[in-house]
There are 4 protein chains.
Amino acid sequence: MVKVGIIGSTGYAGQELVRILLAHKDAEIVWYGSRSYIDKKYSDVYGNMFEIVDAKCLDDNMDELASKADVIFTATPQGLCASLVNEDILSKTKIVDLSADFRIKDVATYEKWYGIEHKSPEFIEEAVYGLCEINRDKIKSARLIANPGCYTTCSILSLYPLVKERLIDVNSIIVDAKSGTSGAGRGAKVANLYCEVNESIKAYGVTTHRHTPEIEEQLGYAYDGTPLTLNFTPHLVPMNRGILVTAYANLINDLSYEDVKAVYDKYYKSETFVRVLDKGVCPETRWVEGSNYVDVNFVIDPRTNRIVVMGAMDNLVKGAAGQAVQNMNLIMGLPETEGLMMPPLFP
Amino acid sequence: MVKVGIIGSTGYAGQELVRILLAHKDAEIVWYGSRSYIDKKYSDVYGNMFEIVDAKCLDDNMDELASKADVIFTATPQGLCASLVNEDILSKTKIVDLSADFRIKDVATYEKWYGIEHKSPEFIEEAVYGLCEINRDKIKSARLIANPGCYTTCSILSLYPLVKERLIDVNSIIVDAKSGTSGAGRGAKVANLYCEVNESIKAYGVTTHRHTPEIEEQLGYAYDGTPLTLNFTPHLVPMNRGILVTAYANLINDLSYEDVKAVYDKYYKSETFVRVLDKGVCPETRWVEGSNYVDVNFVIDPRTNRIVVMGAMDNLVKGAAGQAVQNMNLIMGLPETEGLMMPPLFP
Amino acid sequence: MVKVGIIGSTGYAGQELVRILLAHKDAEIVWYGSRSYIDKKYSDVYGNMFEIVDAKCLDDNMDELASKADVIFTATPQGLCASLVNEDILSKTKIVDLSADFRIKDVATYEKWYGIEHKSPEFIEEAVYGLCEINRDKIKSARLIANPGCYTTCSILSLYPLVKERLIDVNSIIVDAKSGTSGAGRGAKVANLYCEVNESIKAYGVTTHRHTPEIEEQLGYAYDGTPLTLNFTPHLVPMNRGILVTAYANLINDLSYEDVKAVYDKYYKSETFVRVLDKGVCPETRWVEGSNYVDVNFVIDPRTNRIVVMGAMDNLVKGAAGQAVQNMNLIMGLPETEGLMMPPLFP
Amino acid sequence: MVKVGIIGSTGYAGQELVRILLAHKDAEIVWYGSRSYIDKKYSDVYGNMFEIVDAKCLDDNMDELASKADVIFTATPQGLCASLVNEDILSKTKIVDLSADFRIKDVATYEKWYGIEHKSPEFIEEAVYGLCEINRDKIKSARLIANPGCYTTCSILSLYPLVKERLIDVNSIIVDAKSGTSGAGRGAKVANLYCEVNESIKAYGVTTHRHTPEIEEQLGYAYDGTPLTLNFTPHLVPMNRGILVTAYANLINDLSYEDVKAVYDKYYKSETFVRVLDKGVCPETRWVEGSNYVDVNFVIDPRTNRIVVMGAMDNLVKGAAGQAVQNMNLIMGLPETEGLMMPPLFP
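Student: Any chance you could explain the overall build of chain A here in plain terms?
Tutor: Check the secondary structure of chain A and you find 12 helices and 13 strands. Taking 347 residues into account, the globule formula puts the C-alpha radius of gyration at 20 Å, and chain A, at 19 Å, falls close to it. Once the C-alpha set of chain A is aligned to its principal axes, its extents read approximately 60 × 45 × 40 Å. Within chain A, contacts between residues at least 6 apart in sequence are counted, and of these 71% link residues at least 24 apart.

Here it is as structure tokens:
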């Protein structure tokens, strides 16, 4: 039984970790960390866990936690994990960091986009970017996993085969993404009140969203090793969960549906959690809610010779907690899909 | 491994059966019945099941099904199950009927409220009303289960201890219930279009809703064996899942919170799926979504000497498919909670 | 042209006042008060008003305001209006108070339910309860209007004819009310975040909601002059606007639909803003959104001899700003419906 | 008083015409046409109009209508208006066609994208494309107005200044659009049921949506007179009203914010219904709901030298009925903004 500690267990991603791990037959949560709710019963913060979780929330104590837990999930604001990690801790436990602290290899890029100083740049090199479908082998032997961002997971998986196989002009990529509101977190802000979000859609962080360099770096690895440059625009959608990515790129050559389908199948046919949909079927977030699946598909536009790629995913599962557990399974030598095979919940 | 057939697998309740049974370790679905989608791939009807369910939808064939399945779920319109059941079938298989056909013992009452003739009244007596927390023992040996209605499950479980212990004037009961829109089914009706339901709430079926006599009969058994008479008013709420019941009754005597709490604990403390919330905490449907839990609580109003009882539940789980599986577990001798311990999904 | 000042113009009710008054041909807003946003452009707080309202938000200055405005609306938290009003101000201007400060004649009752000391009890007697359909004449000559609460407006108008004509047992009244989330205000609270409200319904303030004594007092005036005692339960519904009231009471005599309809028509046939729906049609909040209408109807249940009364209304219009403007029209001698005839917005 | 007839008055756009025209001081509706609800009271189809509209729905009778109405709105499926119009009718009345029949000058293009034969191609040349901000003068003297599509209005107005002033590479335009569900109409389809739309987002009609050639043609007029070629992708969003367009294009030269802002101001500063937002403010559909405004803004990305343009609009108002009334005002010589100055409704 893998002993698990969660720092930041009372955010939406943290709570989703709890939900998933409770149904994981090889894991046991030993630490419900939450600075905001110390000593409060976890089920008083999340009523769904009444009579299911009996624990109280604990303060962050990385040292104690490292000695108690085989794996620590940090579902915390940017900067916190970087400020807590050190060699001693990594020698005792594994860390899956759901924040952005170790996702970007170039410290300057991180500090520019996030506007904060990185407190432990010495671990950036070691950290493995935890996009399981792409970095599976490296993840298995890692001590420190940078769990990918929600938008990035969906964007990268949607575009990866095209970039890897050099089917598109990488300078032409535009990613237009739409997210449910749980991605904005549980902080009490006017902008996220029900009446402000409901019955509205907006773009935000246009040209400046922090997931941009992460997508650029990872797709760059798939291409020629250096970051690409692309446009990424996130939108806030009045729904709880779900991310939809609609991406555009110029095809380099004339390609048929079958040509491109073969490429997607090459990378994803054996991947449990990436579903390449049937021809003509557009991904919809309703079909992945509550699950670890990413649904992808594409349409070629012969009029413009562009390809339109779509990906749908639950931002809290494959975009956060589910992928984190997938990473945990890999680093602990468990079956990769353990605890993650719940079918999507609909409606 | 219990072999399961589902008639009406493409309605919302039918699909929820599929979702739950896929994660049930002792059950296997052998028949995806759907008159509306014969020969169509199940996952073309419900995209969440893509690459999960490979089967095609089959026409209703009760005889063939009875020979293949240990348990048949009928998630069909009123009247269908009654028209299909017979001694031969019941000698080969068990039936859990999610429709109302066998819920009401008095044929005349059934025919009056449902406006249809009952095609197999000879099985009404034998059928067991499948409210597991109340009829557990009878269910275990039943061949034909009348799976309770969604509103009724929530209403009865909320009020049962008060009626059973004669704490309230049973002539004073008023049940004001609110349901998510999945309760209205997947039929293509203008009234259930997104734009018609969204941003609105309404009562419907006022004084005439068919779940009324079912609640009256069952609460009557808890009282003196004859049906009560009460008011039941359902409302349509702009959300997918969830039922909230707010019920009112006059207390017969002066009772303290502790007095009543003791009574609820007497009946529910050992029930896995009924959670009596802490003092002052009102049930909310968000805390039970996707799960088989019913959350109940009450407030005593000393000003009016009334008690206000509240119950929250997922209408598709404990109100339909979850309870059906709970019944299946009981009749097949499996652990009652098998396949039903998924924590509620939030947000 | 009536000069209008709004204290608390950046709450939801305040903003709705702005929206309505902008289309009012005899009124002009001269003061956009908002302690929270002093010196900020109003249209930076409410983007819908971009290029429509050019004003900046001003601090509260009752004296200056009294000299500039013919009518002051106080759309502020409980207690503020009571702390600002005095004889000098009332000699210069009229006040329509959207808070509860002057709604309840008995100071002790106010202080008990609201938990605050009343700062100007000397004006309570003078204040007129601004339910226009009932107190029209008194309102016309008032200086200080207590604009009714949202739940109360809908509850009282739904039940008033029955109480006034003594058709029901007033000790049997139960009011089960449901409100959209704008009723909770624009404060940044976790409980009102999109993901917390969406896909859920709950009761709150059970037996303790502050609108209870207001309903009891006003219905009492319609009966025998002393407050009734009843149960009132509000619920939070995942929608922006709208209140639905479902009320229950025992009929004293056998009454036909026509009997009761005649009574409703007696009081409401000539009322522009109260629509008694056709037989069998249940009020729905979608049909009143954005308008000043209250839709009411009833169903008699011969089985229990109860009557079920329903009312639907936009909580921000007839439940707040619209009724406030209706009061302003009355006290300023304008046509009562001026600025309030916009048809409901659907969908 | 302008006499108005509406064919298709019971669709969402038709009903919005009714709402707007009821508050229009110079117009009177003399014909509520609806093939689906002949002889039914209009207010039985749309409950918001109870006690407001007393009329019954009438069958289509273009000849009778032409003699009674000064303006006819056809809010009908594609093909109907083209099948009804003739010289006699146009000699007696004006037609504002909300369908696509006369939007596209090239018949072959129309027939290809719409898949139907055009029944009166002889009037295509005469018809004026009713995008008021661009074709104002031509509209004033027209007999037949092709009222623009919802997506097209928002897309064209967002991009027009950039195309007209040749600031962007017109071969690089990508339009990613998001619409509320009222755009899908009031037809009873499973795909538009509440539970199917709620909590989901999807693209649809990818590379094939019919508004594509309309955008291409109109932007082509602004450029060099021939249609452009671009990508247009619509998405369905779980909300009632609103369209958001996010468009991408490569800038031809290095341009500052101020450069581009000056161009937008050149075209829109004096336009009442187009609001160019302040720097850094992204359009949101909540700020335009219920109104005739289009909010636009842009962000320049120096990293990619692309411009991201955004536009938000109410699809039923400026995207349909509001623009239709704006056209009516122009052709009837009324003030262009009459009946259209209602501030947006929020929340």
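Student: Help me out: how do you make sense of the interface of chain B and chain D in this one?
Tutor: Between chain B and chain D, the residue contacts involve 14 residues of the former and 14 residues of the latter. Tallied by class, the residues present in the side of chain B that touches chain D amount to 6 nonpolar, 5 polar and 3 charged.

Student: Honestly, the nonpolar core in this entry has me stumped. Any pointers?
Tutor: A general tendency of soluble globular proteins is for nonpolar side chains to be buried together. Membership of the largest hydrophobic core comes to 476 residues, with the highest contact counts inside it found for Phe73(A), Phe73(B), Phe73(C) and Phe73(D). In contact with Phe73(A), not counting residues within four places along its chain, are Val4(A), Ile6(A), Ile7(A), Leu17(A), Val96(A), Leu98(A) and Ala324(A).

Student: What exactly am I supposed to notice about the domain arrangement of chain A here?
Tutor: Much of the literature gives interface size as the accessible area that the parts lose upon coming together. All names here are of chain A. On domain assignment, one finds that chain A holds domain 1 (2-126) and domain 2 (151-314). Here domain 1 and domain 2 have C-alpha centroids that lie 27 Å from each other. Opposite the 9 residues of domain 1 that make contact, domain 2 presents 7 residues. Considering each element in turn, the side of domain 1 that touches domain 2 owes the most residues, 3 residues, to helix 6 (residues 107-114). Considering only residue class, the side of domain 1 that touches domain 2 consists of 5 nonpolar, 2 polar and 2 charged.

Student: Can you help me understand the relation of the copies chain D and chain A in this one?
Tutor: The two chain copies are connected by a rotation around an axis plus a translation along it. Laying chain D over chain A is done by rotating through 180 degrees and shifting 0.0 Å along the axis; what remains is an RMSD of 0.0 Å. Put plainly, the chains are arranged around a two-fold axis. By C-alpha distance to the rotation axis, the residue of chain D lying nearest is Pro238(D), at 3.2 Å. Looking at the interface residues of chain D, 100% of them are also at the interface in chain A, so both copies use one shared face.

Student: Where do I start with the environment of Thr76(D) in this structure?
Tutor: Residue and element names in this part refer to chain D. Here Thr76 shows up in the loop between strand 3 (71-74) and helix 4 (80-84). Taking the number of C-beta atoms within 10 Å as the measure of exposure, Thr76 has 25 and is therefore buried. Spatially, the C-alpha atoms of Thr76 and Glu117 are 16 Å apart, while their sequence positions differ by 41 residues. The residues touching Thr76, leaving out its near neighbours within four places in the chain, are Ile7, Gly8, Cys81 and Ser99.

Student: So what exactly am I meant to see when it comes to the relation of the copies chain B and chain D here?
Tutor: Mapping chain B onto chain D calls for a rotation angle of 180 degrees and an axial translation of 0.0 Å; the resulting RMSD is 0.0 Å. Most of the interface of chain B is mirrored in chain D: 100% of its interface residues are interface residues there too.

Student: Quick question: what am I supposed to make of the pairing of strand 10 (residues 243-250) of chain B here?
Tutor: It is a general feature of regular strands that their side chains alternate between the two faces of the sheet. Residues and elements named next belong to chain B. Here strand 10 lies mainly inside the structure; 7 of its 8 residues are buried. The sheet contact formed by strand 7 (residues 174-179) and strand 10 spans 6 bridges and is antiparallel. Following the sheet pairing, Ala177 is matched in strand 10 by Val245. Examined bridge by bridge, strand 10 and strand 13 (residues 306-313) share 8 bridges and lie antiparallel to one another. By the bridge assignment, Asn250 is partnered in strand 13 with Arg306.

Student: Looking at this model, I keep getting lost on the packing of helix 8 (residues 150-164) of chain B against helix 10 (residues 211-223) of chain B. Mind explaining?
Tutor: Packed helices, taken two at a time, are described by their axes: the angle between them and the distance between them. All names here are of chain B. Helix 10 packs onto helix 8 with a crossing angle of 25 degrees between their chain directions and a minimal axis gap of 9 Å. The orientation of helix 8 with respect to helix 10, classified from their angle, is roughly parallel. Regarding helix 8 and helix 10, the two cross each other, and that crossing is right-handed. Contact residues: helix 8 offers Tyr151, Thr152, Ser155, Ile156, Leu159, Tyr160, Val163 and Lys164, while helix 10 offers His211, Glu214, Ile215, Gln218, Leu219, Ala222 and Tyr223.

Student: Would you mind showing me how to read the sheet that holds strand 2 (residues 27-32) of chain A here?
Tutor: The pairing of strands in a sheet happens through backbone hydrogen bonds and is either parallel or antiparallel. Residues and elements named next belong to chain A. One open sheet holds the 6 strands; their spatial order is 2-1-3-4-6-5, and the pairing between them is parallel. A single partner strand is all that each edge strand has here, and the edge strands are strand 2 and strand 5 (128-129). Across the sheet, helix 12 (residues 317-331) is in contact with strand 3 (71-74), strand 4 (94-97) and strand 6 (144-146); its angle to strand 4 comes to roughly 160 degrees.

Student: Explanation requested: the interface of chain D and chain A in the structure shown.
Tutor: With 40 residues of chain D at the contact, the number on the chain A side is 40 residues. At the level of secondary structure, the elements contributing two or more residues to the side of chain D that touches chain A comprise strand 7 (174-179), helix 9 (194-197), strand 8 (202-203), strand 9 (231-236), strand 10 (243-250), strand 12 (294-301) and strand 13 (306-313) of chain D. Here the residues of the side of chain D that touches chain A are counted per class, giving 18 nonpolar, 11 polar and 11 charged.

Student: It is not clear to me how the sheet that holds strand 4 (residues 94-97) of chain D should be interpreted in this structure. Could you clarify?
Tutor: All names here are of chain D. Pairing is parallel across the open sheet formed by 6 strands, whose spatial order is 2-1-3-4-6-5. The open sheet terminates on both sides in strands that have one partner only, identified here as strand 2 (27-32) and strand 5 (128-129). Here strand 1 (residues 2-7) runs beside strand 2; their pairing, made up of 5 bridges, is parallel. Opposite Val4, over in strand 2, you have Ile29 as the bridge partner. Against the sheet, helix 12 (residues 317-331) makes contact with strand 3, strand 4 and strand 6 (144-146), and its axis sits at roughly 160 degrees relative to strand 4, the strand it touches most.

Student: Just to check I follow, could you spell out helix 12 of chain D for this structure?
Tutor: In an α-helix there are 3.6 residues to a turn, and that puts residues three or four apart on one side. Residue and element names in this part refer to chain D. Compared with the 21 Å implied by 1.5 Å per residue over 15 residues, the 18 Å span of helix 12 between its first and last C-alpha is markedly short. The largest bend in helix 12 amounts to roughly 45 degrees and is located at Gln323. For helix 12, a buried count of 15 out of 15 residues is recorded, marking the element as mostly surrounded by other parts of the structure. Looking one or two residues past helix 12, Gly333 carries a phi angle of roughly 75 degrees, positive in sign.

Student: For this particular structure, what's the right way to read the pairing of strand 13 of chain D?
Tutor: All names here are of chain D. With 8 of 8 residues buried, strand 13 is to be regarded as a mostly interior element. Sheet topology note: the strand 12/strand 13 ladder contains 8 bridges and is antiparallel. Bridging from a neighbouring strand, Val299 pairs with Val308 of strand 13.

Student: Could you clarify how one ought to interpret the environment of Asp254(D) in this entry?
Tutor: In this structure, Asp254(D) sits in the loop between strand 10 and helix 11 (257-268). Separated by 46 residues in sequence, Asp254(D) and Ile300(D) have C-alpha atoms that sit 9.6 Å apart.

Student: For this particular structure, what's the right way to read unusual backbone geometry?
Tutor: Peptide bonds are trans in most cases, and residues, glycine excluded, mostly fall at negative phi. Cis rather than trans, the peptide bond between Phe346(A) and Pro347(A) has omega equal to -5 degrees. Looking at the element boundaries, Pro347(A) is found in the segment after helix 12. Here the phi dihedral of Arg166(C) falls at roughly 55 degrees; this positive angle occurs in a residue that is not glycine. Mapped onto the fold, Arg166(C) is located in the loop between helix 8 (150-164) and strand 7 (174-179). The class for Arg166(C) is partly exposed, based on 13 C-beta atoms found within 10 Å. Here the phi dihedral of Asp39(D) falls at roughly 70 degrees; this positive angle occurs in a residue that is not glycine. If you trace the backbone, Asp39(D) turns up in the loop between strand 2 and helix 2 (42-45).

Reading guide: rules and limits
- Residues numbered from 1 in each chain as written.
- Chains lettered and ligands numbered in written order.
- Predicted model: local features only at pLDDT ≥ 70, side-chain atom pairs only at ≥ 80, totals over all residues.
- Helix = DSSP H or I, 4+ residues; strand = E, 2+ residues; numbered from the N terminus.
- Rg over C-alpha atoms; globule rule 2.2 N^0.38 Å.
- Contact = placed C-beta atoms within 7 Å.
- Nonpolar A, V, L, I, M, F, W, Y, C, P; charged D, E, K, R; others polar.
- Core = buried A, V, L, I, M, F, W, Y, C linked by C-beta atoms within 7 Å.
- Buried ≥ 20, exposed ≤ 12 C-beta atoms within 10 Å, placed from the backbone.
- Domains from an automatic or database assignment.
- Least-squares fit on C-alpha atoms with pLDDT ≥ 70 in both.
- Pairing = 2+ DSSP bridges.
- Axes fitted to C-alpha atoms, helices over the stretch in contact; angles between N-to-C directions.
- Parallel < 35°, antiparallel > 145°, perpendicular 65-115°, else oblique.
- Left-handed = near helix turned anticlockwise from the far one by under 90°.
- Expected span 1.5 Å × (residues − 1).
- Bend = angle between axes of the 7 residues up to and from the residue.

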